[in-house]
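Summary of structural features
Listed below are the residues making up each chain.
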Amino acid sequence: MSTEPVDLNSEESWSMARRHAAFLSPIPPSVSVAVQALWKNHNEALVPGDEVKISPESYMAIRRVDKSAKLKTPIYFAAMSLFPDRVRTMTEDDTSKALLEILGPGLFASFLGLIYCHRRLNRICTAPEWESLSKEMVLNMELGYIVGSTIPTVGSGLGSLLGGIRYTALATFLIRSPDIYTRYRNRFKKKFDAAHERSQWGCDHAQICAYLIKDLGFTKDIIEVSRVLRSVAPGENLNREMSIWRAALQWIDSLKDGKCPPEDPALSKTLEATPQHVAEIKEKTEKLFKSGSTFTWMLRASGDDKEEEESKA
């Protein structure tokens, strides 16, 4: 493949990113319509960290999820893992409604989108490397949850989404060219290198993620999202929302490198992270790396998955 630099503003580059994102398409309405309503509800909080009043549209949206055990089952186990006392004592006969009230619309939306992507990739990604990439996705999703659930300006929903979504883009590289993917991950020690990605695949993971985030129903601004997911050059300005996205991503990457807080104090300032937040994140992260992930529900097969596999036999 060509090693010439790729123009990220070119139609060809975005067309190639669209082709990669299409591996996970079409996103079923049971996911995209539900996510869009839930995320809109999530963003209605006047102050980051405030409890969001669940809208009638969100209650209607989760009816689409009711029909799919492969989506609903892991969400139930997610709630059971994160909020066991609330799940055990819930009195609501409507399980989906109860789960929405326990998780909140933002976290429910993020889990729904990432669960869909992960299960879709389980079906279409046959390369042996997917097993380790799958676990990497889940680990980073949990790191994002730790950051978001601790720092109110981020929130658990956004933290989880940012932690996991980049690995869905990497999976599309793996599907398209396993050998090139393996060399890339080995060469850069599992770090992201957008320039190398562009030289090999004609686009980078940030562009693919931007399409996926749009297709899943979170936001439509693919240009701004791709800039944030890739990097921001010195002097470039971001609005408040995108500044939070970028700082949260850098916090997650810093945790993977064993640094808490990140070396750049501006990141903590952007997120309004207090010393108490830092101490809590450090404690939770150390426990995660010592005891292992608690997000194993992401890897759990539902009855639908088993039936599907049996029907293929």
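For the rest of this paragraph, the subject is the layout of surface pockets. One number sums up the size of the second largest pocket: a volume of about 400 Å³. Leu82, Glu142, Tyr145, Lys284 and Thr294 are the residues nearest the centre of the second largest pocket, which is lined by 15 residues in total. Of all elements in the fold, only α5 (69-82), α9 (129-150) and α17 (275-291) reach the threshold of two or more residues within the lining of the second largest pocket. Counting residues per element, the lining of the second largest pocket draws most heavily on α17, at five residues. When grouped by side-chain class, the residues that make up the lining of the second largest pocket number six nonpolar, five polar and four charged.

The subject of this paragraph is the pattern of salt bridges. Taken as a whole, this structure holds 17 salt bridges when the rule is applied. Taken together, the shared-partner salt bridges in this structure form one network comprising Arg63, Asp66, Lys72 and Asp94.

On to helix α8 (residues 105-124), then. An ideal rise of 1.5 Å per residue puts 28 Å on 20 residues; α8 measures up with 29 Å between its terminal C-alpha atoms. Where burial is concerned, most of α8 is hidden: 16 out of the 20 residues are buried.

What follows concerns the packing of helix α2 (residues 29-42) against α8. Between two packed helices, both the angle of their axes relative to each other and the distance between the axes serve to describe the pair. Two elements in contact, α2 and α8, have axes separated by 8 Å at closest approach and are oriented at 155°. Between α2 and α8, the angle falls in the class roughly antiparallel. As α2 runs across α8, the sense of the crossing is left-handed. Contact with α2, carried on its side by Ser30, Val31, Ala34, Val35, Leu38, Trp39, Asn41 and His42, involves Pro105, Gly106, Phe108, Ala109, Ser110, Leu112, Gly113 and Tyr116 of α8 and no other residues of that element. The residue makeup of the contact of α2 with α8, split by class, is ten nonpolar, six polar and no charged.

Parameters and conventions
Residues numbered from 1 in each chain as written. Predicted model: local features only at pLDDT ≥ 70, side-chain atom pairs only at ≥ 80, totals over all residues. Heavy atoms only, no water. 1 Å grid on protein atoms, 1.4 Å probe; cavity = no way out; pocket = protein on both sides within 12 Å on 5 of 7 lines; lining within 4 Å. Points joined across faces, edges and corners; volume = space filled by probe spheres on them. Helix = DSSP H or I, 4+ residues; strand = E, 2+ residues; numbered from the N terminus. Nonpolar A, V, L, I, M, F, W, Y, C, P; charged D, E, K, R; others polar. Salt bridge = Lys/Arg side-chain N within 4 Å of Asp/Glu carboxyl O. Expected span 1.5 Å × (residues − 1). Buried < 20%, exposed > 50% of the residue type's maximum accessible area, 1.4 Å probe, protein only. Axes fitted to C-alpha atoms, helices over the stretch in contact; angles between N-to-C directions. Parallel < 35°, antiparallel > 145°, perpendicular 65-115°, else oblique. Left-handed = near helix turned anticlockwise from the far one by under 90°. Contact = heavy atoms within 4.5 Å.

By themselves, these figures tell us nothing about what the structure is for.
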